[in-house]
Protein chains: 2
Amino acid sequence: MTDATAFADVLDAILFNADGLVPAIAQAEGGGEILMMAWMNRDSVIETLTTGRVCYWSRSRGGLWRKGETSGQVQRLKDFRVDCDGDTLLLIVEQDGVACHTGRRSCFYRAWRDGKLEIIQEVQTDPSELYGHHGHSHG
Amino acid sequence: MTDATAFADVLDAILFNADGLVPAIAQAEGGGEILMMAWMNRDSVIETLTTGRVCYWSRSRGGLWRKGETSGQVQRLKDFRVDCDGDTLLLIVEQDGVACHTGRRSCFYRAWRDGKLEIIQEVQTDPSELYGHHGHSHG
């Protein structure tokens, strides 16, 4: 059993929403690229701080989402930050390979340019290499 | 009247939640620091893309929140990005002064270090200089 009392200070500072969730931004250590945004619940916060590997809450699957468990796209936690009103988290991570299920480094690969949405980042890893025939476990 | 049809491409790509809102991360141009996370609705997306000045939706006030209107903490839009599943936005901005209502550059000034939440960023501007006696208009 994880000792939640060890994390009381941080858990008390987080304002989980009505669904018990808080948005968490993942930023790459060093370069500072924003990789993705996903959601965490209380258990995923505790697991992430305990193991040092980022664990989100998958809203689509309704379960803990250990990032990279299937795909190898593991995120190692380097810093865990809470914003001023406690309703958003910022995770500084070391990302193994790409973060996005499309095989791109970042999920934010579309930008509004000259009146249309353009793709500004190329696929780095074939998604079939990440998920095989199992489909992706995006949250 | 703003011509929403001009933004159909980007509006169609955004998955607004049941409240008609989408989270938007603000990242500083250049250095890449994450400044804050707030929410946008359809109107604030259109206004932001039209004016080039970031306008959020204030959930607490239930109205458009033209960042910096009262405080001078204006964010000039440099790039507007949409993530893979369209449920989060990333705004690359030029931030006038500080982003946080506490007078710190970033809202993410608390970090989990050695078993406790530590303040890792100092106040740069006295909040009373930002809001005077009016209190802050945080969303």
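With an unreviewed UniProt entry as reference, chain A is termed Phosphoribosyl-AMP cyclohydrolase, source organism Azospirillum cavernae. The UniProt entry for chain A carries this comment under Function (unreviewed entry): "Catalyzes the hydrolysis of the adenine ring of phosphoribosyl-AMP." Reading the Subcellular location (unreviewed entry) entry of the UniProt record for chain A gives the comment "Cytoplasm".

We now examine the overall build of chain A. Assigned secondary structure in chain A consists of three helices and eight strands. Each helix and strand of chain A, ordered N terminal to C terminal, gives the series α-β-β-α-β-β-β-β-β-β-α. The proportion of buried residues among the 139 residues of chain A is 53%. Residue pairs in contact within chain A that sit at least 24 positions apart in sequence constitute 46% of those at least 6 positions apart. Split by element, the accessible area of chain A, about 6300 Å² in all, is 45% carbon and sulfur. Of the side-chain charges in chain A, 14 are positive and 20 negative, and the distance between the mean point of each set is 5 Å.

This brings us to the relation of the copies chain B and chain A. Mapping chain B onto chain A calls for a screw motion: a turn of 180 degrees about the axis and a shift of 0.0 Å along it, with 0.0 Å RMSD after fitting. The superposition of one copy onto the other is thereby described by a two-fold rotation axis. Among all C-alpha atoms of chain B, that of B:Gly32 lies closest to the rotation axis, at 2.8 Å. Residue by residue, 100% of the interface of chain B is reproduced at the interface of chain A, so both copies engage with the same surface.

Turning to the UniProt feature "binding site: Mg(2+)" (unreviewed entry) in chain A, a few remarks are in order. Sites flagged by UniProt as "binding site: Mg(2+)" (unreviewed entry) map to A:Asp83, A:Asp85 and A:Asp87. Of note, A:Asp83 is situated in the loop between strand S5 (75-82) and strand S6 (89-95). Accessibility expressed as a relative area gives 2% for A:Asp83, which makes it buried. For A:Asp83, the contacting residues outside a window of four places in its chain are A:Thr88, B:Cys107, B:Phe108 and B:Arg110. A distance of 2.8 Å separates the side chain of A:Asp83 from the backbone nitrogen of A:Gly86, its partner in a polar contact. On the accessibility criterion, A:Asp87 (16% relative accessible area) is buried. Apart from the residues lying within four places of it in its own chain, the contact partners of A:Asp87 are A:Leu15, A:Val22, A:Pro23 and B:Arg59.

Calculation criteria
Residues numbered from 1 in each chain as written. Chains lettered and ligands numbered in written order. Predicted model: local features only at pLDDT ≥ 70, side-chain atom pairs only at ≥ 80, totals over all residues. Heavy atoms only, no water. UniProt positions renumbered as here; feature names shortened; annotations may be inferred. Helix = DSSP H or I, 4+ residues; strand = E, 2+ residues; numbered from the N terminus. Buried < 20%, exposed > 50% of the residue type's maximum accessible area, 1.4 Å probe, protein only. Contact = heavy atoms within 4.5 Å. Areas by Shrake-Rupley, 256 points an atom, 1.4 Å probe, with all protein chains shown as cover. Lys, Arg positive; Asp, Glu negative; His and termini not counted. Charge placed at Lys NZ, Arg CZ, Asp CG, Glu CD. Least-squares fit on C-alpha atoms with pLDDT ≥ 70 in both. Polar contact = N/O pair within 3.5 Å; in protein donor to acceptor, adjacent residues only side chain to side chain.

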